[in-house]
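Fold and contact review
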Number of protein chains: 2
Amino acid sequence: MLLAQLLKPEILEMLEAREWNELRAFLTAQPAPEIAELLGDLARRDRVVVFRLLPRVLADEVFALLDADLQNELLEGLASDEIRALLSGLSPDDRTALFEELPAGVTQRLLALLPDSQRRETLTLLSYPENSVGRLMTTAYVTVRPEWTCAEALEHIRLHGRDSETIAMLYVTDDRGRLTAAVSLRRLILAPPETRVAECMEDHPERALRSLQDREEAVRVFRKFDCYALPVTDADGSLLGIVTIDDILDVAEEETTEDFHKLAKVRPIETSLRRASFVELYGKRIGWLVGLVFMNVFSGAAMSPFENLISRMAVLITFMPLLIDSSGNAGSQTATLVIRALALGEIRARDAGRLLAREALVGLCLGVLMGAAVFLLGWARAGAAVGLVTALTMIATVLVGCLIGLLLPVGIRALGLDPAAAGAPLITSLADISGILIYFSIATLVLHHWAAGGAP
Amino acid sequence: MLLAQLLKPEILEMLEAREWNELRAFLTAQPAPEIAELLGDLARRDRVVVFRLLPRVLADEVFALLDADLQNELLEGLASDEIRALLSGLSPDDRTALFEELPAGVTQRLLALLPDSQRRETLTLLSYPENSVGRLMTTAYVTVRPEWTCAEALEHIRLHGRDSETIAMLYVTDDRGRLTAAVSLRRLILAPPETRVAECMEDHPERALRSLQDREEAVRVFRKFDCYALPVTDADGSLLGIVTIDDILDVAEEETTEDFHKLAKVRPIETSLRRASFVELYGKRIGWLVGLVFMNVFSGAAMSPFENLISRMAVLITFMPLLIDSSGNAGSQTATLVIRALALGEIRARDAGRLLAREALVGLCLGVLMGAAVFLLGWARAGAAVGLVTALTMIATVLVGCLIGLLLPVGIRALGLDPAAAGAPLITSLADISGILIYFSIATLVLHHWAAGGAP
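Here the residue numbers are simple positions, counted from 1 along each chain's written sequence. Lettering of chains starts at A and numbering of ligands starts at 1, both following the order in which they are written. With pLDDT at 70 or above as the cut-off, local features in this predicted model cover only qualifying residues; side-chain atom pairs require 80 or more to be listed or tallied, and sums for whole chains, interfaces and linings still use all residues.

Secondary structure elements follow DSSP: runs of H or I of four or more residues count as helices, runs of E of two or more count as strands, with numbering from the N terminus. Within chain A, the secondary structure is distributed over 21 helices and five strands. The C-alpha atoms of chain A give 30 Å as radius of gyration, which overshoots the globular expectation for 456 residues (23 Å, by more than 25%). With respect to the principal axes defined by its C-alpha atoms, chain A has extents near 95 × 60 × 40 Å. Looking at chain A as a whole, 44% of its 456 residues are labelled buried. Residue pairs in contact within chain A that sit at least 24 positions apart in sequence constitute 72% of those at least 6 positions apart. Radius of gyration here uses only the C-alpha atoms, and the compact-globule reference equals 2.2 Å multiplied by the residue count raised to the power 0.38. Any residue whose C-beta has 12 or fewer other C-beta atoms within 10 Å is treated as exposed, any with 20 or more as buried, and any in between as partly exposed, C-beta atoms being built from the backbone. Contact between two residues is assigned when their C-beta atoms, built from the backbone, lie within 7 Å.

Laid out in structure tokens, this is it:
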């Protein structure tokens, strides 16, 4: 954003003037993330041109940083041998991530370009279920032997660590390939050189991830243990690969974006909003909107029995948006707090009882203050009777809204589903329907009683 | 969650039976995050007891992992010398984080317990503005000299790195303390031992964070460069400290939670939802709810001129929740997508023009399909005229809702404020007011025309 953005006009000039050597020299001096960002901003026809100018290693780095749709676009513009070199330069987990996003036909064609060993490795990683830890892992890691000295281990790392994604953690396996321990590079470095590796080992087999585990669980484990890399094993405890924190950060960000989208009842958009097409945006949004239209038919139906009352007291209607919105607002506040807390693992379904009691109290107190405010409004506009009706309705609907906002996400989670599905629009619609019933019922009761017993 | 949770009954038993030695032996074998989680679950009176049983180093680790309110509670239960030992065991950035959260009086008391050098360091870190990078940094880092060989550098790290928060990155400064370069431990390890440090150095002064920068910007830089640690300098380029990724992860999580809360118009809750008190929950929610009540007065006012129409055609009212909800739903979809994309830096205020055109098209097409659905409903319930009114209203209100959902957050960002302030409840209320005006205006026009010109 800083450098490449500032210099974009100059780059476009160099492209225009076909000053390839100057452009190449300029690009080579930039860090990979800047170039990746620049590529995203360029016109389609300039992208391949600029990308081709990059030296080998930098090109690999930049490519790994691009979004899947840009990677796909570049691959379409490159020759087979360029693609082959590029794919070989990617780390195993970045390669899996790329193939995951490509159309099946393209994947087949690209797999054919890979050397045998890389093809086999890629196919193995792709065979793990979508959203599993297996899909995130890389097979490039370093193992050490417990009987080595730290100095020997460091020498081994120096000779064999170059291709490993991280050397911050080293792993120890037994004869049958089962993970027995991990050693941090930090401990190897800080220990006197003659110390045995065995003395530096940490022994936390329970922290290893399983290849078939959901990747969201992996995010939670990383968060909890504050670590940079974790080993991945199969059900027998054999070491299959490692997962590093950069991939976990990406997953965490994706999951959070998904939660935001679900909260607003948008089916998760996978590319960035900037690049999302009209068709994608429309398709991801229309489903729930139309669904909610049909759900809202009930709110109309809830009103029908009261048409008579409405005709007689049109002033009641002028309070309706206020009353049902307040209930929906309070409900979506609760739902959002609960959904986020569930996502962070702060609360569990079994806390529901205690939370319910507190939420009922909060909802009631919110309703009372808001009811007092609306009483004044109602009184001023249409007399004490209407003021009383609106105040009682406010208390009841806000309370009901809060309880819906709590119970819906917790209930959905208890069913093993994603609580973010209880998004604000759904809460609002449910709050509306119940709010209308409550409002007109209270109005009928109070106004009838008032008419029968007392002052207007 | 795994181990400590499963064994909680046994721990409670040991506590009950006062089997201190057994309990101590058991706890010592657990990893720090498990113990931190366990402490959170224990009753208040058991917490200090269990914490006191932990060996020194483990106690420091566990303490650093606790939430601020638990830390505060423990400090209240410990003696001065215990507190002194505990505070000294914290890394400088964790110590800043603790003092930040404590009441001012407690901070003063605790500062007095620290040895001189640590007190000065803590006061310096605390002097940086809240939410600045300076508050996140630690002063425990290792510098190396460019003329050393890699082997010499590694030996230096072995001897002086023990107290450093990370040794993954080492820094090079000139005679005046200004940062000139960084070297990754990885490169030092992988290089032949006789290589000069100068040959392994990376030279990205633009990546250094500034101590006064906002911490949210630091999150973006970390995300972009996929790094584990970044140096922090003052305006002159002097190296002041480093920030590591674990602190950045915490900040990113806090900021995201804040965004969720703002989106639902809750003022950000700083402790976890589980521990938030009734008073805190109430206080953080009531402000906007009451504010929206008064804002909704306008939606009532918008309806007043149409009271006559409402009395004559109560059936129109039964469509009102449906129509204004749909507009609010579409608007909050847009707002949520835009707010998240702004938070991730995917779009900038200057993209507004292009986004506006696309959003208008999406909004129009969403409205047309939803209008078609509602036309059928209206026709079936109250004839073609009402069907037409509801359909036209749906198209107009959904379009307006989408545009409000886009323009409000982008506009707020353009003013330099946080776009998450344009939360769903605010969008809903604005959409409601405009929706009511649109609905009854269209109804007046169409029904008047219909009555004058054609069939019922």
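Picking up after the structure, the text goes on.
For the rest of this paragraph, the subject is the interface of chain B and chain A. The interface is formed by 90 residues belonging to chain B together with 91 residues belonging to chain A. Each residue gets one label: Ala, Val, Leu, Ile, Met, Phe, Trp, Tyr, Cys and Pro are nonpolar, Asp, Glu, Lys and Arg are charged, and the others, such as Gly, are polar. In terms of residue class, the side of chain B that touches chain A is built from 53 nonpolar, 20 polar and 17 charged.

Turning our attention to the relation of the copies chain B and chain A. Superposing chain B onto chain A requires a rotation of 180° together with a translation of 0.0 Å along the rotation axis, leaving an RMSD of 0.2 Å. With respect to symmetry, the two chain copies, as superposed, fit the operation of a two-fold axis. Identified as the residue of chain B closest to the rotation axis by C-alpha distance is Ser311(B), at 2.2 Å. A share of 100% of interface residues in chain B that are also interface residues in chain A marks the association as one of identical surfaces. Each copy is superposed on the other by least squares, with the fit set by C-alpha atoms of residues at a pLDDT of at least 70 in both.

So, on to the sheet that holds strand E4 (residues 229–233) of chain B. Only strands joined by at least two bridges in the DSSP assignment are considered to pair. The sheet built from three strands is open, its strands ordered E3-E4-E5 (chain B) with mixed pairing. A strand with exactly one partner marks an edge of an open sheet, and here the two such strands are strand E3 (209–210) and strand E5 (239–244) of chain B.

For the rest of this paragraph, the subject is helix H11 (residues 150–160) of chain A. The α-helix winds at 3.6 residues per turn, so residues separated by three or four positions along the chain end up facing the same way. Buried residues of H11(A): Cys150(A), Ala153(A), Leu154(A) and Ile157(A), and no others. Angular distribution of buried residues about the axis of H11(A) spans 100°; they occupy a single face of the element. Buried residues belonging to H11(A) abut strand E1 (169–173), helix H12 (185–190) and helix H13 (197–200) of chain A together with helix H12 (185–190) of chain B. Directions pointing from the helix axis toward each C-beta atom define the arc.

The subject of this paragraph is the domain arrangement of chain A. The domain architecture assigned to chain A consists of domain 1 (3–130), domain 2 (150–242) and domain 3 (278–453). Each of domain 1 of chain A and domain 2 of chain A has a C-alpha centre, and these two points are 30 Å apart. The split into domains, and so the bounds of each, comes from an automatic or database assignment of domains.

Residues and elements named next belong to chain A. Across the sheet, three strands lie side by side as E3-E4-E5; this open sheet has mixed pairing. Each end of this open sheet is capped by a strand with a single partner; those strands are strand E3 (209–210) and strand E5 (239–244). Against the sheet, helix H15 (residues 245–263) engages strand E4 (229–233) and E5, with an angle of about 65° to E5. Fitting a line to C-alpha atoms yields each axis, with helices limited to the stretch in contact; the angle taken between N-to-C directions then spans 0 to 180 degrees.

The two faces of the sheet receive side chains in turn, since in a regular strand these alternate between them. Residues and elements named next belong to chain A. For E5, the buried fraction is high: six of the six residues fall into the buried class. Alignment of E4 against E5, held across five bridges, turns out to be antiparallel. Across the sheet, Val232 pairs through a bridge with Gly241, a residue of E5. Where E4 folds back on E5, the antiparallel hairpin that results is connected by five residues, among which Gly237 adopts a positive phi of roughly 90°.

Relative to the helices and strands, Ala85(B) resides in helix H7 (residues 80–89). Between the alpha carbons of Ala85(B) and Arg56(B) there is a distance of 8.4 Å; along the sequence they are 29 residues apart.

Before going further, it helps to examine the packing of helix H16 (residues 278–303) of chain A against helix H20 (residues 352–414) of chain B. The geometry of H16(A) relative to H20(B) is characterised by a closest axis approach of 10 Å and an angle of 30° between their N-to-C directions. Taken as axis vectors, H16(A) and H20(B) run roughly parallel relative to one another. Handedness of the H16(A)/H20(B) crossing: right-handed. On H20(B), the residues that touch Phe278(A), Leu281(A), Tyr282(A), Arg285(A), Ile286(A), Leu289(A), Val290(A), Val293(A) and Val297(A) of H16(A) are Arg358(B), Leu361(B), Val362(B), Cys365(B), Leu366(B), Leu369(B), Met370(B), Ala373(B), Val374(B) and Leu377(B). Roughly parallel means an angle under 35 degrees; roughly antiparallel means over 145; roughly perpendicular covers 65 to 115; every other angle is labelled oblique. Handedness of a crossing follows from how the near helix is turned relative to the far one, being left-handed for an anticlockwise turn of less than a right angle and right-handed for a clockwise one.

Attention now goes to the pairing of strand E2 (residues 179–184) of chain B. All names here are of chain B. Where strand E1 (residues 169–173) meets E2, five bridges bridge the pair, whose relative direction is antiparallel. Bridged to Leu170 within E2 is Val183. Joining the antiparallel neighbours E1 and E2 is a turn of five residues, in which Gly177 adopts a positive phi near 80°.

All right, on to unusual backbone geometry then. It is generally the case that most residues other than glycine have a negative phi and that most peptide bonds are trans. Not every positive phi belongs to a glycine, and Arg18(A) is a case in point at roughly 55°. Considering the arrangement of structural elements, one finds Arg18(A) in the loop between helix H1 (3–16) and helix H2 (20–28). Given 9 C-beta atoms within 10 Å, Arg18(A) falls into the exposed group. Of note in this structure, Asn131(B) is not a glycine but carries a positive phi near 65°. In this structure, Asn131(B) sits in the loop between helix H10 (116–126) and helix H11 (150–160).

Take the nonpolar core next. Membership of the largest hydrophobic core comes to 129 residues, with the highest contact counts inside it found for Val338(A), Val398(A), Ile427(A), Val338(B), Val398(B) and Ile427(B). What Val398(B) contacts, discounting residues up to four positions off in sequence, is Ser326(B), Ser327(B), Ala330(B), Gly363(B), Leu366(B), Gly367(B) and Met370(B). As used here, a nonpolar core is made of buried Ala, Val, Leu, Ile, Met, Phe, Trp, Tyr and Cys residues. They are joined through C-beta atoms within 7 Å.

Another point: the environment of Tyr282(A). Here Tyr282(A) shows up in helix H16. Look at Tyr282(A) and you get partly exposed, because 16 C-beta atoms sit within 10 Å. In this structure the C-alpha to C-alpha distance between Tyr282(A) and Thr166(A), which are 116 residues apart in sequence, comes to 41 Å. Look past the residues within four positions of Tyr282(A) in its chain and what remains in contact with it is Val362(B), Cys365(B) and Leu366(B).

Summary of the metric used: pLDDT quantifies the predictor's per-residue confidence within the range 0 to 100. Per-residue pLDDT for chain A has a mean of 83; in total, 95% of the residues score no lower than 70. With a pTM of 0.74, the predicted complex shows an ipTM of 0.73.

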